[in-house]
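An overview of the molecular structure
So the chains spell out like this:
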Number of protein chains: 2
Amino acid sequence: MKIGFYQFSPCFGEVPDNLDKILAALQGAQADLIVLPELPFTGYLFADRAELAGLAEDPKSSPTVEALVDLCRRQGFHLVTGFAEKYSDKIYNSSLLLGPSGIVDVYRKLHLFDREKLYFDPGDLPLRVNSVAGVKIGMMVCFDWIFPETCRVLALQGAEIICHPSNLVLNYCQQSMLTRALENAVFAVTANRTGEEKGLKFTGQSQIVAPRAELLHRAGVEEEILFVTEIDPAKARDKMITGRNDLFEDRRGEWYQQIINDEL
Amino acid sequence: MKIGFYQFSPCFGEVPDNLDKILAALQGAQADLIVLPELPFTGYLFADRAELAGLAEDPKSSPTVEALVDLCRRQGFHLVTGFAEKYSDKIYNSSLLLGPSGIVDVYRKLHLFDREKLYFDPGDLPLRVNSVAGVKIGMMVCFDWIFPETCRVLALQGAEIICHPSNLVLNYCQQSMLTRALENAVFAVTANRTGEEKGLKFTGQSQIVAPRAELLHRAGVEEEILFVTEIDPAKARDKMITGRNDLFEDRRGEWYQQIINDEL
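All values reported here derive from a predicted model rather than from experimental measurement.

**With respect to the relation of the copies chain A and chain B**
- Superposing chain A onto chain B takes a rotation of 180 degrees plus a shift of 0.0 Å along the axis, which leaves an RMSD of 0.0 Å. Look at the turn and shift together and you get a two-fold axis relating the two.
- Comparing contact sets, 100% of the residues at the interface of chain A also lie at the interface in chain B, consistent with an isologous, same-surface contact.

**What about the sheet that holds strand 3 (residues 78-87) of chain A?**
All names here are of chain A.
- Taken together, the 6 strands give an open sheet; going across it, the order is 5-4-3-2-1-14, and neighbouring strands pair in mixed fashion. What marks the edges here is a single partner per strand, and that holds for strand 5 (102-108) and strand 14 (225-230). For this sheet, the mean angle separating the axes of adjacent strands, direction not counted, is 30 degrees.
- With 6 bridges connecting them, strand 4 (residues 90-99) and strand 5 associate as antiparallel partners. In the strand pairing of strand 5, leucine 97 is matched with aspartate 105.
- Against the sheet, helix 1 (residues 15-26) engages strand 1 (2-7), strand 2 (33-35), strand 3 and strand 14, with an angle of about 145 degrees to strand 1.

**Looking at the packing of aromatic side chains**
Residue and element names in this part refer to chain A.
- If you walk through the whole model with that rule in mind, you get 20 aromatic pairs over all chains.
- Aromatic side chains tyrosine 44 and phenylalanine 202 sit 5.7 Å apart centroid to centroid with 85 degrees between the ring planes, which places their arrangement in the edge-to-face category. In this pair, tyrosine 44 is assigned in the loop between strand 2 and helix 2 (49-55) and phenylalanine 202 in the loop between strand 11 (200-201) and strand 12 (207-210), connecting sequence segments 158 residues apart.
- Given the relative accessible area of 5%, tyrosine 44 is considered buried.
- For phenylalanine 202, a relative accessible area of 3% gives the class buried.
- These aromatic residues form a ring-pair network of at least three members: Phe12, Phe46, Tyr119 and Phe120.
- The cationic tip of arginine 108 hangs over the ring face of tyrosine 87; the distance from NZ or CZ to the ring centre is 4.8 Å.
- Positioned above the aromatic ring of phenylalanine 12, the side-chain terminus of lysine 198 is 3.7 Å from the ring centre.

**Describing the interface of chain A and chain B**
- Listed as interface residues are 51 residues of chain A and, on the opposing side, 51 residues of chain B.
- Roughly 4,900 Å² is buried in total at the junction of chain A and chain B, and carbon and sulfur atoms are behind 62% of that figure.
- Considering only the side of chain A, the residues that lose the most area to chain B are A:Arg244, A:Trp255 and A:Ile260, jointly responsible for 14% of the buried surface there.
- Along the contact surface separating chain A from chain B lie 10 salt bridges.
- Between B:Arg251 and A:Glu149 there is a salt bridge, with the nearest N and O atoms lying 2.9 Å from each other.
- Linking chain A with chain B are 27 residue pairs in polar contact (both at pLDDT 80 or more), by the criterion used here.
- Going through the elements one at a time, helix 4 (116-119), helix 5 (148-156), helix 6 (173-184) and strand 15 (240-242) of chain A are the ones with two or more residues in the side of chain A that touches chain B.
- Sorting elements by how many residues they give to the side of chain A that touches chain B places helix 6 of chain A first, with 6 residues.
- The residue makeup of the side of chain A that touches chain B, split by class, is 26 nonpolar, 11 polar and 14 charged.

Analysis parameters
- Residues numbered from 1 in each chain as written.
- Chains lettered and ligands numbered in written order.
- Predicted model: local features only at pLDDT ≥ 70, side-chain atom pairs only at ≥ 80, totals over all residues.
- Heavy atoms only, no water.
- Least-squares fit on C-alpha atoms with pLDDT ≥ 70 in both.
- Contact = heavy atoms within 4.5 Å.
- Pairing = 2+ DSSP bridges.
- Helix = DSSP H or I, 4+ residues; strand = E, 2+ residues; numbered from the N terminus.
- Axes fitted to C-alpha atoms, helices over the stretch in contact; angles between N-to-C directions.
- Phe/Tyr/Trp six-rings, centres within 6.5 Å; stacked < 30°, edge-to-face > 60°.
- Buried < 20%, exposed > 50% of the residue type's maximum accessible area, 1.4 Å probe, protein only.
- Lys NZ or Arg CZ within 6 Å of the ring centre and 35° of its normal.
- Buried area = accessible area lost by both parts, 1.4 Å probe.
- Salt bridge = Lys/Arg side-chain N within 4 Å of Asp/Glu carboxyl O.
- Polar contact = N/O pair within 3.5 Å; in protein donor to acceptor, adjacent residues only side chain to side chain.
- Nonpolar A, V, L, I, M, F, W, Y, C, P; charged D, E, K, R; others polar.

This is how it looks when you write it as structure tokens:
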């Protein structure tokens, strides 16, 4: 299976231009699944909810989504992309799984970061997995990574590839995603953006990690790059870390109750 | 608060000699809390349960524990130490919290590694925290680290310092413990052993990590060393990673159900 990411620097507020840039970069890509950054069409740092509301779209009636689905159809691949999702009177920092048949699934960021709390609504959909070409993929968005429960819940449902659209500004994530891949024995594609918005610098270094904390590729801080590599998803079905230790069978769920009910 | 570890190479089966070595190394140490490796008195690689049974002790009647408690009393500090614990017809790979008043608490390794499954019983006590000089400490043993739930459950109960006696043979733990410290905003003391037993090499590199994934000190692979440093436990009470993000308040427990109930 060929999976990849596209790392670039979106222009704030320029939805059609950012879309065109993405369409041009992905045209002709030989891949089965490509992950785009968080909020790659709108940009990231909104002044307030009104500004966000003016840029967010309902995926069901979005020309942006329509163009991406067309691309999926022409190329025969799937895309995971960040998306400012308007739904009724709500606005979510979402991730969409798109394919030749249209919108496959939506995930709404559960853990909002910093100023996002000022203008996005917190996610209200379960973490869940979908099959792409027989391979189970899960979605999370940026800051979700710091909560080990996010990847865990996806992996326990069978996710083999964690797709991770991001707009990272702290320096911890890339290294920590090696731990996420290791502890869950999954692949993880972190598609980060580059560049700067109103003084806020993004850290680039998009990466693909394999189950044994193996860094398959990490992009530079500034480069704009489409990177695709071949992986064997079966490696994420093997949870044995020693001949006697299955990372999932060895879990002692009865002793983890506080993770759900932490009012102690 | 002064916390530390003692990294050394135990001699297999030589319980009194290993105890003497530890007593000599810790005599005069200026510390509040010192962590020793996993199974530092018996050694690690048992031929079978019978051999382990001949070396394990009941902490309540153990001359080893008695000598360590005497040391705590003379020095006015607390110790966390690995311990092959005999209890009725069971044998656990345990960690003891010892202080001037005696045995404060016992933790029994929940996640047994590789051959340990052949001769140890799996832990059957909850992960819980204890106060040492007003600071909350939690205990886990070696391979427990790879399950993010272990540190999480301790941290959710208020653990400020994770004490982590270890006999590590894989190369993943030391780096991953930076993620554990970061995601839970806790200190973590990994006390590993050095040396070799029947061809099995231990990775040393005992370390102390601070909440922001900050490596305070990492020992060498081979050196025998008592290391002590001053920390400010209040740093582990501050869970704010940005001005708007509390790592615990931001958790979305209602979406983490699979972690307890993963029969999907």
